[in-house]
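Examination of the molecular architecture
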Amino acid sequence: MLRLEQVSAGYNRSIALDNTSIEIPEGKIVSVVGANGAGKSTIVNTVSRLVTVYSGKITFDGRDITASKPAAVVDMGIVQVPEGRQVFAPLTVEENLRLGFTRLASGPNPAQKYRERLDYVLDLFPRLRERITQRAGTMSGGEQQMVAVSRALMAEPKLLMLDEPSLGLAPMIVDQIFEILQKLRRDGLTILLVEQHADEALQLADYGYVMAVGRVRAEGPGNDLRDHPALRQSYLGREAVS
Ligand code: ATP
């Protein structure tokens, strides 16, 4: 469904992603793991077309999106849950969710479609149903992550990209979020999960990539990568992988 072919990308002429090739098949969960600064967020932001691509090609559903604008990418169904959740603190849960619906708002039967999407996400996260009128900024970190994931799902994405959903959350909440990702895969969603918590992310994934210093160091079925030497090296820093 999504393919990065030998993509180099970065910020202000510096290279954060170096000749990277990644593939995400339809209906699968692909995890990208690696230490701080490995380039994981840059992958997500490159696909969302927020980062300058210097060379290589990105295709989605067979269409070349290398030169596409961020809004066009969202319209195609690629939706991101950003690092640090970034909910709209003064707005209620429902107002946050409504903002995620904009992609579908100009389609057929928007009112009915809105109710359907809202019911779908509130069934996934019953806690949000109870708190639908609460301001998002007053919620716990875990609840805010649920809002952020739900907001993305309101757009009915084809590809959902999550940037470190476990950041700052208790292990039990992380387990809950990962269980939801499994359910979403059963519902047919394609998922790109970018995580520092490598073990859980690879256990969940159909396929995984280990990154260090802007490059893919190893790839394979998620469970096979959990003991891969490249994984340990990635978390030991620059010297260990050069
Ligand atoms: P983290 O887990 O810390 O978010 P990461 O693996 O997601 O790490 P990236 O955020 O993709 O890593 O960063 C990769 C490299 O790109 C780093 O060297 C970082 O300093 C650089 N970088 C990231 N964002 C920017 C930016 N907006 N401007 C300049 N350099 C950036």
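Since this is a predicted model, take the numbers as computed values, not measurements. Every chain begins its residue count from 1, and numbering advances along the sequence as written. Side-chain atom pairs in this predicted model are given and counted only at pLDDT of 80 or more, local residue features only at pLDDT of at least 70, and totals for whole chains, interfaces and linings cover all residues. With hydrogens and water set aside, each side-chain value is computed from the structure's full complement of heavy atoms.

Focus: the packing of aromatic side chains
Stacked, tilted and edge-to-face are the three classes applied to pairs of Phe, Tyr and Trp rings, where Trp contributes its six-membered ring and a pair requires centres within 6.5 Å; stacked means planes under 30 degrees apart, edge-to-face means over 60, and tilted covers the rest. Under the counting rule described, the total for this entry stands at two aromatic pairs. Measuring from centroid to centroid gives 5.2 Å for Phe101 and Tyr114, while their planes differ by 75°, and the two rings are edge-to-face. Linking Phe101 in the loop between helix 3 (93–100) and helix 4 (102–105) with Tyr114 in helix 5 (residues 110–124), this pair joins segments that are 13 residues apart in sequence. For each residue, the accessible area found with a 1.4 Å probe, counting protein chains only, is set against the maximum for its type, and the residue is called buried under 20%, exposed over 50%, and partly exposed in between. The class for Phe101 is buried, based on a relative accessible area of 6%. Look at Tyr207 and Tyr209: their rings are 5.5 Å apart centre to centre, the planes differ by 65°, and that puts the pair in the edge-to-face class. The aromatic ring of Tyr114 is capped on one face by Arg98, whose charged end is 4.2 Å from the ring centroid. Counting from the N terminus, the helices are the DSSP runs of H or I reaching at least four residues and the strands are the DSSP runs of E reaching at least two. By the criterion adopted, a ring carries a charge over it if an Arg CZ or a Lys NZ lies within 6 Å of its centre and within 35 degrees of its normal.

Digging into the domain arrangement of the protein
Reported domain spans reflect what an automatic or database domain assignment gives. Partitioning the protein into structural domains gives domain 1 (1–77 + 158–242) and domain 2 (80–156). Taking the mean C-alpha position of each, domain 1 and domain 2 sit 23 Å from one another. Summed over both partners, buried area is the accessible surface (1.4 Å probe) that two parts give up on being assembled. On the domain 1 side of the interface with domain 2, the three residues burying the most area are Asp163, Ile177 and Ile180, jointly 23% of the side's total. Salt bridges are defined as contacts in which a side-chain nitrogen from Lys or Arg sits within 4 Å of a carboxyl oxygen from Asp or Glu. Applying the counting rule to domain 1 against domain 2 returns zero salt bridges. Polar contacts, as used here, are pairs of N or O atoms within 3.5 Å; protein pairs need one atom able to donate a hydrogen and one able to accept it. Residues neighboring in sequence count only if both atoms are side-chain atoms. The tally of links from domain 1 across to domain 2 stands at seven residue pairs in polar contact (both at pLDDT 80 or more). Breaking the side of domain 1 that touches domain 2 down by element, the ones donating at least two residues are helix 1 (40–47), helix 2 (70–76), strand 7 (159–163) and helix 8 (171–186). Examining the composition of the side of domain 1 that touches domain 2, we find that six residues originate from one element, helix 8, more than from any other. Residues are sorted three ways: Asp, Glu, Lys and Arg are charged, Ala, Val, Leu, Ile, Met, Phe, Trp, Tyr, Cys and Pro are nonpolar, and all the rest, Gly among them, are polar. Grouping the amino acids of the side of domain 1 that touches domain 2 by side-chain chemistry returns 15 nonpolar, five polar and six charged.

Considering the nonpolar core
Ranked by internal contacts, the top residues of the largest apolar core, which has 50 residues, are Leu160, Leu181, Leu184 and Ile191. The greatest single-element share of this core, amounting to seven residues, is contributed by helix 8. Here this core gathers at least three residues from each of two domains, domain 1 (1–77 + 158–242) and domain 2 (80–156). We call two residues in contact whenever any of their non-hydrogen atoms come within 4.5 Å of each other. When residues no more than four places from it in sequence are discounted, the contact partners of Leu184 are Tyr120, Leu124, Leu153, Leu160, Leu189 and Ile191. Throughout this description, the term nonpolar core refers to a set of buried Ala, Val, Leu, Ile, Met, Phe, Trp, Tyr and Cys residues connected via side-chain atoms within 4.5 Å.

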